[in-house]
There are 4 protein chains.
Amino acid sequence: MFKMQELLEQLIEDARPAALLGKVADYIPELSKADPGAIGIHIIRSDGKQSWAGDNTVRFTIQSVVKPILLLQALLDNGIDYVKQHVGVEATGKPFDAINADQQLDAQHLNPMVNMGAIAMCALIKGNTYAEKFQRLLNLTRQLAGDPTIDIDEAVYLSEKATGNKNRALAYLLKTHGLLQDEVEDVLDCYFRACSISVTCENLAHIGYVLANRGMLPHTNERVFPGHFAQYVNAILMTCGMYNGSGEFAIRVGVPAKSGVGGGIMAVVPTRMGIGIFSPALDDKGNSIAGIRMLEQLSRHLYLSIF
Amino acid sequence: MFKMQELLEQLIEDARPAALLGKVADYIPELSKADPGAIGIHIIRSDGKQSWAGDNTVRFTIQSVVKPILLLQALLDNGIDYVKQHVGVEATGKPFDAINADQQLDAQHLNPMVNMGAIAMCALIKGNTYAEKFQRLLNLTRQLAGDPTIDIDEAVYLSEKATGNKNRALAYLLKTHGLLQDEVEDVLDCYFRACSISVTCENLAHIGYVLANRGMLPHTNERVFPGHFAQYVNAILMTCGMYNGSGEFAIRVGVPAKSGVGGGIMAVVPTRMGIGIFSPALDDKGNSIAGIRMLEQLSRHLYLSIF
Amino acid sequence: MFKMQELLEQLIEDARPAALLGKVADYIPELSKADPGAIGIHIIRSDGKQSWAGDNTVRFTIQSVVKPILLLQALLDNGIDYVKQHVGVEATGKPFDAINADQQLDAQHLNPMVNMGAIAMCALIKGNTYAEKFQRLLNLTRQLAGDPTIDIDEAVYLSEKATGNKNRALAYLLKTHGLLQDEVEDVLDCYFRACSISVTCENLAHIGYVLANRGMLPHTNERVFPGHFAQYVNAILMTCGMYNGSGEFAIRVGVPAKSGVGGGIMAVVPTRMGIGIFSPALDDKGNSIAGIRMLEQLSRHLYLSIF
Amino acid sequence: MFKMQELLEQLIEDARPAALLGKVADYIPELSKADPGAIGIHIIRSDGKQSWAGDNTVRFTIQSVVKPILLLQALLDNGIDYVKQHVGVEATGKPFDAINADQQLDAQHLNPMVNMGAIAMCALIKGNTYAEKFQRLLNLTRQLAGDPTIDIDEAVYLSEKATGNKNRALAYLLKTHGLLQDEVEDVLDCYFRACSISVTCENLAHIGYVLANRGMLPHTNERVFPGHFAQYVNAILMTCGMYNGSGEFAIRVGVPAKSGVGGGIMAVVPTRMGIGIFSPALDDKGNSIAGIRMLEQLSRHLYLSIF
């Protein structure tokens, strides 16, 4: 009989050597403290069954995996038309911190999965203050992750805030092109907090489950967002979720996914499962190297590619 | 009872006004002769049933819709690793005739769905001469389209050849960066012929069927290519098939597709159907404007989005 | 007998209609209040004789004409080697607020006549605080301009500071690439003050005189800086002083010059004269339209071109 | 008493070690055959006196030093307004074979000292055929160089023609943007021949003399072109003559000059002298490394900087 857990354990063992080829993110001091050998995976199937292996309860910061949640919150607060008008959806083919344009910059040059677009999305969240906006984003994250205890990693947040000058440059560019109205430091505080949310593989798998099941939570079948929001988010994850390794990932794995420099990957197998991965050693594009290896093998074994 | 044909006829009537907003391609004189009011659709479902409406038997040139066929021929002749090493797979976010780089250009900057990459793929086709390479490509096209009578439109071919200086510039750039060994005019002759292949909606639907069914021809279940080639091609179509409107198309329609400036769109609904569209009035990104409208409506009615 | 003043008055009358074709800068509200019809010229020849015509005593903000003074202060405080190592000297061919690079940015991509490089130069001025650095720059400006009453235009300074988000983006880019160590707002405060220094045509002519005479003040022959600093500054003015109209200006006028969006132009005719111009209606490159016209005519009449 | 020849011999000895740090051009096989240790200098002062040292009679190909001659021929045949309308004058800050633009390209993006602009200038030369155009260019070169025996180096010409695919790409880009009407291979044949003209230091010094003396030949005082053409050419040489080392050269040497990858430099000291240099070991910008060293020392000793 097929045992999912055995498969997952095998995947972890097979992927472990790959982690040695990667490098833990060091662009902020706090991230460089991660254990490069840590590796975990967690799966929640659409029938609600869960399987896991490795370091699936280790906490790490969500980083860019928060981008689809930011996008969902913006969609919930404004609807598709408004969001698409303010943050475009075309791939840029640029790395995660790319400045999309040097002279003329309009909303259609932005993308929710690239930093500049993600910063612009913070301003789209409803709330009287940025503290209130962030609290609403955190609440959505807890709901999607099925974990009301989720909170930010204060040390990473402070480290991001202290060193995030590239993001400051991006935010001021948005502002000078009329794409951001609020105070840069207010917006960035929300963005840095969002990136510093501390999660586990299980949390990411749960978020992936909800996106795979078009907005329904497991077990309760409570609906968090309308089904066409899932189509919107998953489509963008497919074209831009893995930085400038998205094309390769679409071929090798074939499902929507989002990675973060904290080492997390959240993958969405529409109608079938949500997957959470953690392994902080990154390839040169900023994606978890062992994480992609595990997803590739899993996709091959379970025929996950949607193509 | 649901009648597919009635739905298709309705879609055509609904999309007709959209065609008036577009513009027939005029970058080569021959293309500008197309009737901007022409509009057709053809569907082949995985059970082999066919439905159609409108001008589904009108002939038009395949143009960029030949790119996935070029890619398939390159894969068949060389395997995935070799092809990926010579023509990369990342989205560029650039329009269809974009020059991908101005100083350093390597194979990973190319993409099979962008002209420069497509020209490079011509050189990957096996054959002693470029006439022989093209003949093999034409044979594969006939097989995929289920139509042994397919041939090139001589007038369009000559027009492309006479005016294709942008493609000449691209080919010489490839050559100067060591990404093309053969004579530019030989390679381009093959490329111009490939773009000038004359097809119908039905042909495109048939090609889409084979990609949707991982290499199997309808009825006979004869296999034209291994299943993982379909995953490779479909993944690239999803991220880059609709020029720099690919992100928007992924959201609105949600299936792999390829458009051409001749007005054709071939769409692939994995495991479910192949779709061929013709309507030569284009939007500002070079995609058939009524064609996208029809596909969006069809996707909504039949829940085609793979996300 | 040749009368310089008559020539200058003639030049002003001839150039007046050209001003109507330009547009007063409006990127900060205060600048848009300038009188588009104002026009003045002042010349100081190497023998110390002065001539002028038009609105030569009207005050306007120095804007980018402060860049060569920033460069001189940086040279005085650090020497040529150190300055050149921190701010490069190659033309970028980009407009005055260009972001020079989007991914890799090093000191050699900067230029003292482009905003990003000018901001970097503020940090090179000696001083314990940025208030002290600015005071030293102001003192040098007063000395070069032969006018101890020169000060900043408080309203323009506040307006620059309130709206200068493009410069904030540039400064954070410098910081994130390791090209700026100090606090962005401190550095920018110095930069915004520098741009807001209020001057007259006569002041600019005096500065031009000192650069034309390799560092010597008129009358007293007191030396402000060594002669090879003048060669350094004048060479950069020639290649980059007139934004992306520098090539055209070199042909039509043929002397080192620097323009500012306040409508000023300072021109240096090596060994012969300094010229100050004011006319706030700008062409599409940000240069005073009547100012260039006057300089072209003056160059033709007096054979000023150094080529 | 000052002896120019002794100074030149001293300069050569001082610069010799610098040549060891450079590299002979190898982008075409023929160029790589040059002796990296060769070094020569020749000066013609405005009073007609000549001095030289080192390998001043060794022949080498003119390469990009032909660009100012191409520009002069275009000016002679069409006047300033027409030429400036077809080939712009702004610096690009790009290396010598840069493609100036990837999407929109107009005449103002070109520059006579960058390959794309130089190719466009070939088409501006009057003549019924490109053979005739080239013959007129060669005649002008002979006249400017004071040497009726000058001709092309056939081996270099054939090598350029066989391997010049970057220039083919540039020419097709010009054509596709409507900036070139004639057949690409015809135009390039003229361009490749122009680059292959074989010269000596003495020839270059003679050309520099004519530009320094606003169109007058030495001794005879025969006028080859009007004085304002010299201002046009010299101004462009100052801003763009030394590839993307032009800014540095303006500071260190301070005179208009043009270098070629054959190792030649022609320098113009307005009203004072023409200088010809040969030393084929190049720096990473494509300029003769010992040549620049010699010019810097010469400028310092003789106060040649025009700033």
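Here, every reference points to the structure presented above.
Values in this document were obtained by computation on a predicted structure and should not be read as measured data.

Conventions we followed
- Residues numbered from 1 in each chain as written.
- Chains lettered and ligands numbered in written order.
- Predicted model: local features only at pLDDT ≥ 70, side-chain atom pairs only at ≥ 80, totals over all residues.
- Heavy atoms only, no water.
- Least-squares fit on C-alpha atoms with pLDDT ≥ 70 in both.
- Contact = heavy atoms within 4.5 Å.
- Buried < 20%, exposed > 50% of the residue type's maximum accessible area, 1.4 Å probe, protein only.
- Helix = DSSP H or I, 4+ residues; strand = E, 2+ residues; numbered from the N terminus.
- Pairing = 2+ DSSP bridges.
- Buried area = accessible area lost by both parts, 1.4 Å probe.
- Salt bridge = Lys/Arg side-chain N within 4 Å of Asp/Glu carboxyl O.
- Polar contact = N/O pair within 3.5 Å; in protein donor to acceptor, adjacent residues only side chain to side chain.
- Axes fitted to C-alpha atoms, helices over the stretch in contact; angles between N-to-C directions.
- Disulfide = S-S within 2.5 Å.

Student: Go over the relation of the copies chain A and chain B, please, and point to the residues and values.
Tutor: Take chain A, turn it by 180 degrees, move it 0.0 Å along the axis, and it overlays chain B with an RMSD of 0.0 Å. Look at the turn and shift together and you get a two-fold axis relating the two. Of every C-alpha in chain A, the one belonging to A:Thr239 sits nearest the axis of rotation, 2.5 Å from it. In this assembly, 100% of the residues forming the interface of chain A have copies in chain B that are likewise at the interface, indicating an isologous arrangement.

Student: Run through the pairing of strand 7 (residues 264–269) of chain C, naming residues and quoting values.
Tutor: Residues and elements named next belong to chain C. With respect to burial, strand 7 is a largely interior element, six of its six residues being buried. Burial along strand 7 is two-sided: Gly264, Met266 and Val268 and Ile265, Ala267 and Val269, pointing in opposite directions, are all buried. The pairing of strand 6 (residues 257–259) with strand 7 spans three bridges and is classified as antiparallel. By the bridge assignment for strand 7, Ser259 is matched with Ile265. Between the end of strand 6 and the start of strand 7, which pair antiparallel, lie four residues, with Gly263 showing a positive phi angle near 105 degrees. Looking at chain direction, strand 7 and strand 8 (residues 273–278) are connected through six bridges and run antiparallel. Of the residues in strand 8, the one forming a bridge with Val268 is Gly274. Hairpin connection of strand 7 to strand 8: three residues between the antiparallel strands, including Thr271 at a positive phi of 70 degrees.

Student: Could you give an account of the interface of chain A and chain B, with specific residues and numbers?
Tutor: The partner chain B presents 29 residues to the 29 residues of chain A that form the contact. Summed over both sides, the interface between chain A and chain B buries roughly 2300 Å², with carbon and sulfur atoms accounting for 60% of that surface. Ranking the residues of chain A by area buried against chain B places A:Glu90, A:Ile251 and A:Phe307 at the top, with a combined share of 32%. If you look at where chain A meets chain B, you find two salt bridges. For A:Lys84, the salt bridge is made with B:Glu248, and the minimal N-O distance between the two is 2.9 Å. The tally of links from chain A across to chain B stands at twelve residue pairs in polar contact (both at pLDDT 80 or more). Those elements giving two or more residues to the side of chain A that touches chain B turn out to be helix 9 (227–240) and helix 10 (246–252) of chain A. With eight residues, helix 9 of chain A is the single largest residue contributor to the side of chain A that touches chain B.

Student: Provide a residue-level description of the sheet that holds strand 7 of chain C, including the pertinent values.
Tutor: Two pairing modes exist for strands in a sheet, parallel and antiparallel, and in both the strands are linked by backbone hydrogen bonds. Residues and elements named next belong to chain C. Strand order in the open sheet made by the five strands is 3-2-8-7-6, with antiparallel pairing throughout. The sheet is open, and its two edges are formed by strand 3 (50–54) and strand 6, each paired on a single side. Across the sheet, the axes of successive neighbouring strands diverge by a mean angle of 10 degrees, strand direction being ignored. Here helix 8 (residues 201–212) sits on the sheet and contacts strand 2 (40–45), strand 3, strand 7 and strand 8; the angle it forms with strand 8, its principal contact strand, is near 150 degrees. The strands that helix 11 (residues 289–302) touches are strand 2, strand 7 and strand 8; relative to strand 8, the one it contacts most, it runs at about 150 degrees.

Student: Now, about the state of the cysteines: what can you tell me, with residues and values included?
Tutor: One pass over the full model with this rule turns up zero disulfides over all chains. A:Cys201 carries a free sulfur, and the closest cysteine sulfur to it, the one in A:Cys195, is 19 Å from it. C:Cys240 provides the cysteine sulfur closest to D:Cys240, a residue in no disulfide bond, and the two sulfurs are 9.9 Å apart.

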